[in-house]
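Observations on chain architecture
So you can see what is in the structure, the chains are spelled out below.
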Amino acid sequence: MNSLILFGASEGGLFDFDATLPLMAVQVVLLTFILNSLFFKPVGKAVEEREGYVSTSRADAKKKLAQAQKFEEDLRAQLKEARQASQKVITEAEQDSDKLYKEALALATSEANASREKARREIDSQREQALNQLKADSEKLGELIVERLLAAK
Amino acid sequence: MGSLSLLLPFAELEVGQHLYWQIGNLRLHGQVFLTSWIVIGALLTLVVIGTKKMERDPRGVQNLLEFLWDYIRDLARTQIGEKAYRDWMPFIGTLFLFIFVSNWGGALVPWRLIHLPSGELGAPTADINTTVALALLVSLSYFYAGLSRKGLRYFEYYVHPTPIMLPFKIVEDFTKPLSLSFRLFGNILADELVVAVLVFLVPLVLPVPVMFLGLFTSAIQALIFATLAAYYIGEAVEEHH
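A short tour of the structure in this document, coming up.

Parameters and conventions
- Residues numbered from 1 in each chain as written.
- Chains lettered and ligands numbered in written order.
- Predicted model: local features only at pLDDT ≥ 70, side-chain atom pairs only at ≥ 80, totals over all residues.
- Heavy atoms only, no water.
- Pairing = 2+ DSSP bridges.
- Helix = DSSP H or I, 4+ residues; strand = E, 2+ residues; numbered from the N terminus.
- Contact = heavy atoms within 4.5 Å.
- Buried area = accessible area lost by both parts, 1.4 Å probe.
- Salt bridge = Lys/Arg side-chain N within 4 Å of Asp/Glu carboxyl O.
- Polar contact = N/O pair within 3.5 Å; in protein donor to acceptor, adjacent residues only side chain to side chain.
- Nonpolar A, V, L, I, M, F, W, Y, C, P; charged D, E, K, R; others polar.
- Buried < 20%, exposed > 50% of the residue type's maximum accessible area, 1.4 Å probe, protein only.
- Core = buried A, V, L, I, M, F, W, Y, C linked by side-chain atoms within 4.5 Å.

**Digging into the pairing of strand β2 (residues 26–29) of chain B**
Residues and elements named next belong to chain B.
- Where strand β1 (residues 20–23) meets β2, 4 bridges bridge the pair, whose relative direction is antiparallel. Residue pairing across strands places Y20 opposite H29, the latter belonging to β2.
- Hairpin connection between β1 and β2: a loop of 2 residues separates the two successive antiparallel strands, and G24 in this loop has a positive phi of roughly 60°.

Rendered as structure tokens:
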């Protein structure tokens, strides 16, 4: 016992080949098939399913993000349009009111001018009348004075 | 050959002793089969527990199994190539797991506590029969891989890139299994012997770093064996233009 037998021993030794070799090979081949069906296939399926799930959900998320960005752009464009439209409405309204104001102002000015003119003419005619009256009255008075002087003589 | 007991009179070390089983006229190394069944049992238990309830969000042992699967897939994919790695992944993975668990089992489990009538329990990979069996399986697989993928065009590999390579490539077919089996056998046996001798010489503290080194070597040897097996298969299925 207790001996290190390397070669040439009829019994034992480090290089003692026997039926262990083919049976071990058969055992490992069987283990390969068993592990294939119990380990490699199910785990591979699980891992690949997860990889598929991750890549499809990532693609989905990307698609959704693109959609959201498109919506945002659309909304921005709409907002811009709406702003422009409202700006236009405001300027138009301003222009309109300006125009109306100017028209009203012109009308009022012309009316005022007309009434002033009319009043001036009335005053002129009344003054004329009054002057004529005064003239006639003073003539009448002058004649009366002359008659009275002639009569007193 | 020399006797270890001469060198170490106080050591009781059994090397090259086997527990023989006789089945018909076949002689088997019983201790190798006993430990290999324990190794296979441990592997199958782990696998069955881990795949019992597969979920999309992995939990518990499933994480470990998926990590192993991923590791083996990367190994097979980088060595064999994108096209053929799927067919050979179970074989490469089985080699890796079997050798790895055998080596670590041999290094970590205190087999010495179990007494056998003859020989002693240890890593199945410390027996030359196991490593030669594995290496021959690798040889058969790369021949099969090359022939099934490329038919007789597989033999173009022997004259690629020039016919001068022919004798070297033929010699390679013999050296590949030889180097594979002896590398694994030598490393694991040497590691077991070094640890055993050190334990006998200095039973305290000193063997511990060597044991850690042994664990490291064991893992590396499993990786080397699986990587080389995958590389040989990859070489056989590779298309030259």
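**Regarding the interface of chain A and chain B**
- On the chain B side, the residues contacting the 41 residues of chain A number 57 residues.
- Buried surface at the junction of chain A and chain B, summed over both partners, amounts to about 4,500 Å²; 70% is from carbon and sulfur atoms.
- A salt bridge links R86 of chain B to E48 of chain A; its shortest N-O distance comes to 3.1 Å.
- The interface formed by chain A and chain B contains 15 residue pairs in polar contact (both at pLDDT 80 or more).
- Residues of the side of chain A that touches chain B, tallied by class, amount to 26 nonpolar, 9 polar and 6 charged.

**A word on the side chain of S141 of chain B**
All names here are of chain B.
- Position of S141 among the secondary structure elements: in helix α5 (residues 128–150).
- For S141, a relative accessible area of 7% gives the class buried.
- Beyond its immediate stretch of four places on either side in the chain, S141 contacts W88, F91 and I233.

**With respect to the nonpolar core**
- Among the nonpolar cores identified, the biggest contains 66 residues, and F39 of chain A together with I80, I92 and V138 of chain B are the most heavily contacted of them.
- Residues contacting I80 of chain B, with those up to four places away along its chain left out, are Y85, W88, I92, A230, I233, G234 and V237 of chain B.

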